[in-house]
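# Analysis of the macromolecular model
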Amino acid sequence: LAAGRAVAALTRSRAAEFAAAGLTPVTGDVLDPAGLRHLPRASTTLYAVGLDRSAGKPMREVYVQGLANVLDALPPGGTFVYVSSTSVYGQTGGEWVDETSPTEPTEESGRVVLDAETLLRKRRPDAVILRFVGLYGPGRVLRRAALLRGEPLAGDADKWLNLVHVADGAAAVLAAEAHAPPGETYTVSDGTPVTRRDFYTRAAELLAAPPAAFAPPSPPGHAEPNRRVSNRKARGLPWTPAFPSYREGLADAVSGSAG
């Protein structure tokens with residue numbers, strides 16, 4: 001919108017809000033093929049559909065069948081940018097991963113995300129896939145409520161978090177749209193992994209919350225995901241994070257989410 005482009009957005013319930021912001025709302029649900037008949041023809045389609053747990057729909061149905069429904073209904077042509085997740089990786093040893101690393105997820109959520117990518121590659125081999133790490137930013141401070149309540153955070157405090165600020169995530173989408181060759185895949189992260197201990201300790205300080213505390217993972221002995229995600233390929237789009245680590249990004253996130 002800021003660049004003067006016309007933007008339509010599919011929504012189940014926020015049509016008035018989107019219209020007020022200058023978007024053209026299209027009311028529909030990815031799980032209702034009949035409601036997708038009015039998807040407009042566009043030069044670029046950004047598919048960024050996450051799981052709304054309050055809707056009570058299984059993740060596989062939303063991610064795989066929902067994507068198939070949209071691909072069936074979408075007018076042909078244009079660039080297709082798909083927001084995926086680094087949950088497709090299964091590494092647990094703290095190693096670095098990038099676009100060439102094996103995708104062998106050990107958790108069901110990662111298997112669902114990988115199945116959706118596989119479907120997309122069959123249907124739209126030209127699609128650009130962006131595998132995002134955890135998003136944070138104003139209004140989106142990870143575990144904010146638990147920190148303010150002083151609750152222990154379950155999990156190994158010394159395992160890695162991989163993050164990207166929402167503003168940098170949006171910039172990566174636009175860079176991929178403009179410069180990514182068809183069919184490419186990119187991991188999108190700030191490139192500066194941080195231990196859960198360091199991140200939540202600093203978050204608690206910025207929130208003026210009790211010191212961050214940690215509890216053993218549940219169930220004990222569970223092999224939690226533990227990897228460090230590279231952004232080297234994405235930087236070649238070109239794309240450079242404005243918030244290159246949690247140190248800059250977390251301060252912005254907390255200051256922008258007061259109240």
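For the structure itself, consult the block above.
Cut-offs applied
Residues numbered from 1 in each chain as written. Predicted model: local features only at pLDDT ≥ 70, side-chain atom pairs only at ≥ 80, totals over all residues. Heavy atoms only, no water. Axes fitted to C-alpha atoms, helices over the stretch in contact; angles between N-to-C directions. Helix = DSSP H or I, 4+ residues; strand = E, 2+ residues; numbered from the N terminus. Parallel < 35°, antiparallel > 145°, perpendicular 65-115°, else oblique. Left-handed = near helix turned anticlockwise from the far one by under 90°. Contact = heavy atoms within 4.5 Å. Nonpolar A, V, L, I, M, F, W, Y, C, P; charged D, E, K, R; others polar. Buried < 20%, exposed > 50% of the residue type's maximum accessible area, 1.4 Å probe, protein only. Lys, Arg positive; Asp, Glu negative; His and termini not counted. Salt bridge = Lys/Arg side-chain N within 4 Å of Asp/Glu carboxyl O. Polar contact = N/O pair within 3.5 Å; in protein donor to acceptor, adjacent residues only side chain to side chain. Core = buried A, V, L, I, M, F, W, Y, C linked by side-chain atoms within 4.5 Å. Pairing = 2+ DSSP bridges.

### Examining the packing of helix 2 (residues 59–73) against helix 3 (residues 108–123)
Running from amino to carboxyl end, helix 2 crosses helix 3 at an angle of 15°, the nearest separation of the two axes being 8 Å. Considering their axes alone, helix 2 and helix 3 lie roughly parallel with respect to each other. Between helix 2 and helix 3 lies a crossing whose hand is right-handed. Within the contact between the two elements, helix 2 uses Met 59, Arg 60, Tyr 63, Val 64, Leu 67, Ala 68, Leu 71 and Asp 72 and helix 3 uses Glu 108, Ser 109, Arg 111, Val 112, Val 113, Asp 115, Ala 116, Leu 119, Leu 120 and Arg 123. Residue composition of the contact of helix 2 with helix 3, grouped by class: eleven nonpolar, one polar and six charged.

### Thoughts on the side chain of Glu 224
Residue placement: Glu 224 occurs in the loop between strand 13 (214–215) and strand 14 (228–229). It turns out Glu 224 is buried and unbridged, and the closest side chain with the opposite charge, Lys 159, is 4.1 Å from it. There is a polar contact of 3.2 Å between the side chain of Glu 224 and the backbone nitrogen of Asp 156. Setting aside residues up to four positions removed in sequence, Glu 224 forms contacts with Thr 92, Gly 155, Asp 156, Lys 159 and Pro 217.

### Focus: the environment of Glu 107
Mapped onto the elements, Glu 107 comes out in the loop between strand 5 (96–97) and helix 3. Glu 107 sits in the partly exposed class, given a relative accessible area of 30%.

### A word on the nonpolar core
Among the nonpolar cores identified, the biggest contains 43 residues, and Tyr 63, Leu 67, Phe 80, Tyr 82, Leu 120, Leu 130 and Trp 239 are the most heavily contacted of them. Elements that contribute at least two residues to this core include exactly helix 2, strand 4 (79–85), helix 3, strand 6 (128–132), helix 5 (166–179) and strand 11 (185–188). The dominant element in this core, judged by the number of residues it contributes, is helix 2, at seven residues. Every residue in contact with Leu 120, bar those within four places of it in the chain, is listed here: Leu 67, Leu 71, Phe 80, Tyr 82, Pro 125, Ala 127 and Ile 129.

### Details of the side chain of Asn 231
Within the secondary structure, Asn 231 sits in the loop between strand 14 and helix 7 (232–235). Judged by its relative accessible area of 6%, Asn 231 falls in the buried class. Separated by 3.2 Å, the side chain of Asn 231 and the backbone oxygen of Asp 190 make a polar contact.

### Section: unusual backbone geometry
Residues Leu 237 and Pro 238 are joined by a peptide bond in cis, for which omega reads 10°. Inspection of the secondary structure puts Pro 238 in the loop between helix 7 and helix 8 (246–255). In this model, Arg 143 sits at a positive phi of 60°, which is unusual for a non-glycine residue. Position of Arg 143 among the secondary structure elements: in the loop between strand 7 (134–136) and helix 4 (144–149).

### Some remarks on the pattern of salt bridges
Summed over all chains, the structure comprises 13 salt bridges. Between Arg 12 and Asp 52 there is a salt bridge; the shortest N-O distance is 2.8 Å. Of this pair, Arg 12 sits in the loop between strand 1 (8–11) and helix 1 (15–20) while Asp 52 sits in the loop between strand 3 (44–47) and helix 2, and the two are 40 residues apart along the sequence. Overall, the relative accessible area of 30% leaves Asp 52 in the partly exposed class. Salt-bridge contacts for Glu 117 lead to Arg 131; the nearest nitrogen and oxygen are separated by 2.8 Å. Note that Glu 117 is positioned in helix 3 and Arg 131 in strand 6, a separation of 14 residues in sequence. Accessibility assignment for this pair places Glu 117 and Arg 131 in one class, buried. Linked by salt bridges that have partners in common, Arg 60, Glu 108, Arg 111 and Asp 115 make up one network.

### What to know about the pairing of strand 6
Most of strand 6 sits out of view: five of its five residues are buried. Here strand 6 shows no split at all, with Val 128, Leu 130 and Phe 132 on one side and Ile 129 and Arg 131 on the other all buried. In terms of strand pairing, strand 4 meets strand 6 through five bridges, oriented parallel. From the neighbouring strand, Val 83 faces strand 6, where its bridge partner is Leu 130. Where strand 6 meets strand 11, four bridges bridge the pair, whose relative direction is parallel. By the bridge assignment for strand 11, Phe 132 is matched with Val 188.

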